[in-house]
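Read off the chains here:
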Amino acid sequence: EVASILFTRSEGPLAALRWHLTHLRAAAPPRIARRLRATRDTLALTIPTDAALFRHGATVVIRRPATPAAPRILDLYRGDLMAGLAVSTTAEFDNWLYVTQESLRRSFRQATLAFARWARGSGRELQTHEPLARLVTVDPYCEDGHILLIQIYDALGQHEHAFAAYDRYQGMVRTELAG
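In this convention, every chain numbers its residues from 1, walking through the sequence in written order. Local features are withheld for residues below a pLDDT of 70 in this predicted model, meaning they are given only at 70 or higher, and side-chain atom pairs are given and counted only at 80 or more; totals for whole chains, interfaces and linings count all residues. Only heavy atoms go into the side-chain values, all of them from the structure, while hydrogens and water stay out.

Engineer: Which parts of the structure should I look at to understand the packing of helix α7 (residues 129-138) against helix α8 (residues 143-155)?
Structural biologist: Working note: a packed helix pair is described by the angle between its axes plus the distance between those axes. Axis definition: a line fitted to C-alpha atoms, over the contacting stretch in the case of helices. Angles run 0 to 180 degrees between N-to-C directions. Helix and strand labels come from DSSP, where a helix needs a run of H or I of at least four residues and a strand needs a run of E of at least two; each type is numbered from the N terminus. For the pair α7 and α8, interaxial distance at closest approach is 9 Å and the crossing angle is 150°. Comparing the axis directions of α7 and α8 gives the class roughly antiparallel. In this structure, α7 meets α8 at a crossing whose hand is left-handed. In contact with H129, L132, A133, L135 and V136 of α7, α8 contributes G145, H146, L148, L149, I152 and Y153. By the definition adopted for this analysis, an angle is roughly parallel if under 35 degrees, roughly antiparallel if over 145, roughly perpendicular if from 65 to 115, and oblique otherwise. It is the rotation of the near helix from the far one that decides the hand of a crossing: anticlockwise by less than a right angle makes it left-handed, clockwise makes it right-handed. Should any heavy atoms of two residues lie within 4.5 Å, those residues are considered in contact.

Engineer: What am I meant to see in the environment of T8 here?
Structural biologist: Checked against the element boundaries, T8 lands in the loop between α1 (2-6) and α2 (13-27). Sequence separation of T8 and T90 is 82 residues, and the distance between their C-alpha atoms is 7.1 Å.

Engineer: Explanation requested: the pattern of salt bridges in the structure shown.
Structural biologist: A side chain with one charge may pair with a side chain of the opposite charge, provided their charged atoms come close. When a carboxyl oxygen of Asp or Glu is within 4 Å of a side-chain nitrogen of Lys or Arg, the pair counts as a salt bridge. Here the structure, examined in full by the defined rule, presents seven salt bridges. With a closest N to O distance of 3.7 Å, R134 and D75 form a salt bridge. Of this pair, R134 sits in helix α7 while D75 is found in helix α5 (residues 70-75), placing the two residues 59 residues apart along the sequence. Only protein chains enter the accessibility calculation, which uses a 1.4 Å probe; a residue whose area is less than 20% of its type maximum is buried, one above 50% is exposed, and one in between is partly exposed. Judged by its relative accessible area of 19%, R134 is buried. Of the charged contacts in the structure, one is a salt bridge between R109 and D139, with a shortest N-O distance of 2.6 Å. With R109 in helix α6 (residues 91-120) and D139 in the loop between α7 and α8, this residue pair connects regions lying 30 residues apart in the sequence.

Engineer: When you look at the nonpolar core in this model, what are you seeing that I'm missing?
Structural biologist: One recurring pattern in soluble globular proteins: nonpolar side chains tend to sit buried together. Ranked by internal contacts, the top residues of the largest apolar core, which has 26 residues, are F54 and L132. Elements represented by at least two residues in this core include exactly α4 (50-63), α5, α6, α7, α8 and α9 (159-178). No other element matches the seven residues that α6 contributes to this core. If we ignore the near neighbours within four places in the chain, the residues touching L132 are T112, L113, A116, G145, L148, L149 and I152. Here, nonpolar core refers to any group of buried Ala, Val, Leu, Ile, Met, Phe, Trp, Tyr and Cys residues whose side-chain atoms link them within 4.5 Å. A3, F7, A16 and L36 belong to the second-largest nonpolar core, a separate cluster that totals six residues.

Engineer: Please explain a nonpolar patch on the surface as it appears in this structure.
Structural biologist: On the surface, M82, L85 and W96 cluster together to form a nonpolar patch covering roughly 280 Å² of accessible area. Take W96: it is sitting in helix α6. Nonpolar side chains (Val, Leu, Ile, Met, Phe, Trp, Tyr) within 5 Å and like charges within 9 Å form the patches, drawn only from residues with over 30% relative accessible area and no salt bridge. Here the Shrake-Rupley method, with its probe set to 1.4 Å, supplies the accessible areas, and only the displayed protein chains count as covering residues.

Engineer: What's the story with α9 in this structure? I'm lost.
Structural biologist: A helix is expected to span 1.5 Å for every residue after the first. End to end, α9 covers 28 Å across 20 residues, agreeing with the expected 28 Å (1.5 Å per residue, within 8%). Each element contacted by the buried residues of α9 is listed here: α8.

Engineer: Quick question: what am I supposed to make of α2 here?
Structural biologist: Since there are 3.6 residues in each turn of an α-helix, residues three or four apart along the chain are aligned in direction. Counted at 1.5 Å a residue, the expected span for α2 with its 15 residues is 21 Å, and the 21 Å between its end C-alpha atoms agrees. Three or more residues of α2 are buried, namely A16, L17 and L21. In an axial view of α2, the angular spread of the buried residues amounts to 130°, which keeps them on one side of the axis. Facing away from the buried side of α2 by more than 90 degrees, the exposed set consists of W19, T22 and A26. Tucked into the core, α2 has its buried residues touching α1, β1 (36-38) and β2 (43-45). Summarising the geometry, the arc corresponds to the directions from the helix axis toward the C-beta atoms.

Engineer: Would you mind going over the packing of α8 against α9 with me for this structure?
Structural biologist: The interhelical angle for the contact between α8 and α9, taken along N-to-C directions, is 160°, at an axis separation of 7 Å. In terms of their interaxial angle, α8 and α9 are classed as roughly antiparallel. Crossing geometry of α8 relative to α9 is assigned as left-handed. Here E143, H146, L149, I150, Y153 and D154 of α8 come into contact with α9, specifically with H159, H161, A162, A165, Y166, Y169 and M172. Across the contact of α8 with α9, the residue classes break down as eight nonpolar, three polar and two charged. Think of it as three bins: nonpolar holds Ala, Val, Leu, Ile, Met, Phe, Trp, Tyr, Cys and Pro, charged holds Asp, Glu, Lys and Arg, and polar takes everything else, Gly as well.

So this is what it looks like as structure tokens:
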């Protein structure tokens, strides 16, 4: 089933899957290769992925933004899952990927905003400008992200950065309203 979903245009989907699994096992570090299990009926890779660790950690940050691990958790989000992956797949896979990417983006947005709001008044502003800058890149229409980024830069005394962030957001809004 996995072979036919991933390799729909292949003459031999199962052979293509086997080849890719062999290549993956050879290229992966041993601790990962050992955890890749393939049988006739199942395919499993039982390792904690960055996406799974991020998803769990983001839930913690949203509930308790003061958690000391918040900056490290936010660093786990490095953009859309499988961004730039160029494979010919099924609509089911494409839908799954889109929903998963959007869910991770939403978690990043919520966790970053929660942490930044907490940090703004707690003396940890320095740890928030990088995640906020990434947030407004990932989600340019997140008004709260832009406002917090400007406030954080201002609180840090980085007035030129605050002005530049304000100018970028104002330019984006003007462009959208004019279009």
